[in-house]
Amino acid sequence: MSDLSRSTTPRRKLGKTDLEVSALAWGMWRFAGDDLDAATARVEAAVAAGINFFDTADIYGVGDGGGFGAAEALLGRVFAHAPSLRQNVVLATKGGIEMGVPYNSSAAYLVAACEASLKRLGVERVELYQIHRPDSLAHPAEVAAAFERLRAAGKIAEAGASNYTPPQVAALRAHLPFELASTQPEFSALTIAPISDGVLDQAMQHGMAVMAWSPLGGGRLGGASDDKRVQTVATALDEIAERQGVSRASVAYAWIMAHPSGAIPIVGSQQPDRIAQSVEALKVSLSRAEWYAVLTASRGERLP
């Protein structure tokens, strides 16, 4: 039986860049609160587990008791409180969402948004800056110009796109004088469109990293559900988890990582113990039959 096991090397290149990142990332869309010690404990748990790739955004914090920029500001406080943590982190953030608009990818806005993010984070540059969502009113040349200006100023090391379709990525790439480092789709055992809609194929074609957001299906794969499709997928994951002595979440992450695009699941938990447990996914080895069984369960019908 052929095996889709992966190397357990803790670092890999982010796309074609020189950035060395962990096989899993930690996402901060629910990173909120005023308790600095608790926030620091979460960051320390990720770093201790070997996760050095952090993904945040200027919009994170809205709706979680904070306001625009709250998650970045909290992480900035953590870095100020424990400066050594910043040295261990490859930091990614996103911009392009403007409250009440909702999208603004004009060159002027993106440059200002990135500079505001740097100020909140208390850093001089971020390793990866991403457009959060496509702006239908912005020409891709404008986005490219913003990336180029920020990169030339040393405020970002690399650039990426989040929630872009393959044609949108292609249009942006056509105007960039350097390679796009990453694409960030929603991808999980419940959200399988990237496998067939060209997102993962395009990433492999051009050597872009894939950052998979919501790898547990918005938490639906993390617990009990009344949804029949979720139950079917959870059962398929549980069968593998039981055989390998790991959690369902670990298999869900491993299922994403088994794809030849080398997708990086963005772990969303804000509980230190679950953040630490997430790297258990590196121990999971999926056969082709197991991987396709999960895909079939998600499709709800046999493969052709």
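Right above here is the structure, for reference.
Residues numbered from 1 in each chain as written. Predicted model: local features only at pLDDT ≥ 70, side-chain atom pairs only at ≥ 80, totals over all residues. Heavy atoms only, no water.

Student: Describe helix 2 (residues 70-81), listing the residues and the values that go with them.
Tutor: Relative to the 16 Å expected for 12 residues at 1.5 Å per residue, helix 2 spans 16 Å between its end C-alpha atoms, a close match to the ideal helical length. Within helix 2, the full set of buried residues consists of Ala 71, Glu 72, Leu 74, Leu 75, Gly 76, Val 78 and Phe 79. Against helix 1 (36-48), helix 3 (84-87), strand 5 (90-95) and helix 4 (107-121) lie the buried residues of helix 2. (Helix = DSSP H or I, 4+ residues; strand = E, 2+ residues; numbered from the N terminus. Expected span 1.5 Å × (residues − 1). Buried < 20%, exposed > 50% of the residue type's maximum accessible area, 1.4 Å probe, protein only. Contact = heavy atoms within 4.5 Å.)

Student: Lay out the pairing of strand 7 (residues 156-162) with the relevant residues and their values.
Tutor: Remember that side chains alternate between the two faces of the sheet whenever the strand is regular. Burial analysis of strand 7 places seven of its seven residues in the buried class, which makes it a mostly covered element. Taken together, the five bridges between strand 6 (residues 126-131) and strand 7 define a ladder with parallel strand orientation. In the strand pairing of strand 7, Ile 131 is matched with Ala 161. A crossover connection joins strand 6 to the parallel strand 7 through helix 5 (residues 140-152); in handedness this β-α-β unit is right-handed. Pairing of strand 7 with strand 8 (residues 182-184), which is carried by three bridges, proceeds in the parallel orientation. (Pairing = 2+ DSSP bridges. Right-handed = clockwise from strand over helix to strand, strands pointing away.)

Student: Tell me about the pairing of strand 6, residues and numbers included.
Tutor: Counting buried residues along strand 6, six of its six residues qualify, which places the element largely inside the surrounding structure. As paired elements, strand 5 and strand 6 share four bridges and run parallel to each other. Note that in strand 6 the partner of Thr 93 across the bridge is Tyr 129. Regarding the hand of the β-α-β motif, the stretch spanning strand 5, helix 4 and strand 6 is right-handed.

Student: Please provide a residue-by-residue account of helix 6 (residues 166-174), values included.
Tutor: Residues Pro 166, Val 169 and Leu 172 constitute the buried set of helix 6. Burial along helix 6 is one-sided: seen end-on, the buried residues are contained in an arc of 125°. Summarising the geometry of helix 6, the exposed residues directed more than 90 degrees from the buried face are Pro 167 and Ala 174. Buried positions along helix 6 lie against helix 5, strand 7, strand 8 and helix 8 (199-206). (Arc of directions from axis to C-beta.)

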